[in-house]
Amino acid sequence: MTTQRRLPPEVKEKLLEALRVGVAKGYGYVKIWRMLKENGVEVSISTVRNYYYKNFPEKLKRRGRCLPRELRIKLYQKVLELRRQGLGYKRIKKKIEELCNVSLSISTISRWCRKICSPHNGCRVPSVKFLEPSPELSQVIGTVAGDGFATKKNGNEYVIGARVKDGDLIEEFSRCLGKVLGRDPPRPRQEKDGAFVVEVESKALYELLRKPIDINRIAPFVEHCEECMRRFARSFFDSEGSVDKDGKIRCYNSDLQLLQYVRKILNILGIRTTRPKICTKKGTAFFDRRRGKTYTAKKDVYRICVRMSDVLRFYQRIGFTIQRKQKRLEEYLRKRGLL
Ligand SMILES: [Zn+2]
C-alpha cells in the first residue's frame, strides 16, 4: 500500500469544482485532468481518476458494462467470417452495424481478428443454442438424466455432473463432456464409499439438463440420428438399468415421462419394452446396501423391462458401457446359445 499524500485544500477545491463542471458536460476524467492542467492546477491523472470514481460511482458501472457473452460470441464469429472474406476492419465495423445493429470498436475488431483475445475466455458453449448434436452429447444427456445432477449454486454457478459406482462409466462420461465443451476431460474424484463423481461448470448443459428433464428440449439432440439415439439409450441403461443372470433387463426411474421417452427411443431402435409399472411407492422405506443406510422413497419409482424376445437385439444394438453389466448379459446369451 502506498501512503496517499493529502491534497492541499485549495487544490482539492479546484479539483472538485472541475469534476462538477466536467461531469455535467459529459467529460471523462482524462479531459478533466487536462482542463485542470491548462488552468495551472498541478495534480496527477490518477488522483483525478480516483476522485472521479469516488464522487461519481455510477461512471464505474458504465465503464464495466459490456454485451452479454452469448451476443459477443455471435459477433465474434461474424467478424471472423467477414475477415475471412477479405474485409478490412472499417468495413467489418460497418457491416456489423448493418447486420446486427451493434457498434464495435475498431480496436476490438482488430484484437479479435489477430486472435489476441476472444469473448470465449475458456467458455466455448455459452448456451443451449451453441450445443451441437453429437453421440457424445447424447451420452451426456443419458447419463445426467439417469444418475446425474444439474444444480445452480450461489445464483450464477451452474454445475452438472454425475455420481456413479463404475469407473468405466465415469471415464466415458468425462471424455464425452470434454468433447462437448471443447475442453480437457474433467478429472473424476472418488468418494469415501467408492463412488466416482465428475462435475463441470456449464450453463448450457444446466439449461439443457435441469430436472425434471424437459423432453422437448433434449429431443432434437437425442433424435439427431440413430447413433445419437443409441448412445442416449445406452448411457441411460448404464445408469438406471440392471441385468440379472436370467437375462432380464430392467430400468428404473421416478420420472414417468422420461421413462416413456426412453421407451419411445428404444422402440425406434427396434426394441420393445413393457409398460411402466410402479415398483416402489412413495414413502416406502428401503435399505441402500452401498451406503448402509435406510432411505424413504420421496417419489414413486417406475420400472420398465426389455421384452425377452428383444434381449439379443438390445445387446447387438445398444449394450452397456459398464463391463460388469455387459458381461452378465453376454453370459446369459451364451448360455442360451444365442451368441
Ligand atoms: Zn447424431
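Heads up: these notes are all about the structure in this document. (Residues numbered from 1 in each chain as written. Predicted model: local features only at pLDDT ≥ 70, side-chain atom pairs only at ≥ 80, totals over all residues.)

**Points about the overall build of the protein**
The test is simple: In this description a helix means any DSSP run of H or I spanning at least four residues, a strand means any run of E spanning at least two, and both kinds are numbered starting from the N terminus. Our radius of gyration is a C-alpha quantity, and the globule rule it is checked against amounts to 2.2 Å times the number of residues to the power 0.38. The exposure scheme places C-beta atoms from the backbone and then counts, for each residue, the other C-beta atoms within 10 Å of its own, assigning buried at 20 or more, exposed at 12 or fewer, and partly exposed in between. Contact definition: two residues whose C-beta atoms, as placed from backbone geometry, lie within 7 Å.
Of the regular secondary structure elements, the protein holds 15 helices and 10 strands. For the protein, whose C-alpha radius of gyration is 30 Å, the value lies well above the compact-globule estimate of 20 Å for 339 residues. In terms of principal-axis extent, the alpha carbons of the protein reach across some 100 × 55 × 30 Å. Sorting the 339 residues of the protein into buried and exposed places 31% on the buried side. Here the contacts in the protein between residues at least 6 apart in sequence split such that 62% fall between residues at least 24 apart.

**A word on the pairing of strand β2 (residues 157-164)**
Stated formally: One requirement defines pairing of two strands: DSSP has to find at least two bridges between them.
Pairing between strand β1 (residues 148-153) and β2: six bridges, direction antiparallel. Along β2, the bridge assignment pairs K153 with E157. The antiparallel hairpin formed by β1 and β2 contains three residues in its connecting segment, where N154 sits at a positive phi of about 50°. Of the strand pairs in this sheet, β2 and strand β4 (residues 196-201) are connected by six bridges, and their pairing is antiparallel. By the bridge assignment for β4, G161 is matched with E199.

**Concerning the sheet that holds strand β7 (residues 277-280)**
Note the cut-off: Axis definition: a line fit to C-alpha positions, over the contact stretch in the case of helices; interaxial angles, taken between N-to-C directions, run 0 to 180 degrees.
In space, the four strands of this open sheet follow the order β5-β6-β10-β7, with antiparallel pairing throughout. Each having just a single partner strand, β5 (241-243) and β7 make up the two edges of the open sheet. Taking the axes of each pair of neighbouring strands and ignoring which way they run, one obtains an average angle of 35° across the sheet. In this sheet, strand β10 (residues 301-305) lies alongside strand β6 (residues 249-253) in antiparallel orientation, the contact comprising four bridges.

**Structural notes on unusual backbone geometry**
Most peptide bonds take the trans form, and the phi angle of most residues other than glycine is negative. With an omega of 0°, the peptide bond running from K211 to P212 counts as cis. Position of P212 among the secondary structure elements: in the loop between α10 (203-209) and α11 (215-222). Positive phi is not limited to glycine here, since N101 has a value of about 60°. Looking at where N101 falls in the secondary structure, it is placed in the loop between α6 (89-100) and α7 (106-113).

**Points about the packing of helix α2 (residues 29-38) against helix α3 (residues 45-55)**
Our working rule: Should an angle fall under 35 degrees it is called roughly parallel, over 145 degrees roughly antiparallel, and 65 to 115 degrees roughly perpendicular, with every other angle called oblique. Two helices cross in a left-handed way if the nearer one is turned anticlockwise from the farther one by less than a right angle. They cross in a right-handed way if the turn is clockwise. In the scheme used here, Gly and all other residues not listed as nonpolar or charged are polar, with Ala, Val, Leu, Ile, Met, Phe, Trp, Tyr, Cys and Pro taken as nonpolar and Asp, Glu, Lys and Arg as charged.
Running from N to C, α2 and α3 point in directions that differ by 125°, and their axes come no closer than 9 Å. On the basis of the axis angle, α2 is oblique to α3. The hand of the α2/α3 crossing is right-handed. Note on element contacts: α3 touches α2 through I45, V48, R49 and Y52, opposite Y29, V30, I32 and W33. Tallied by class, residues from the contact of α2 with α3 come to seven nonpolar, no polar and one charged.

None of this, on its own, says anything about what the molecule does.
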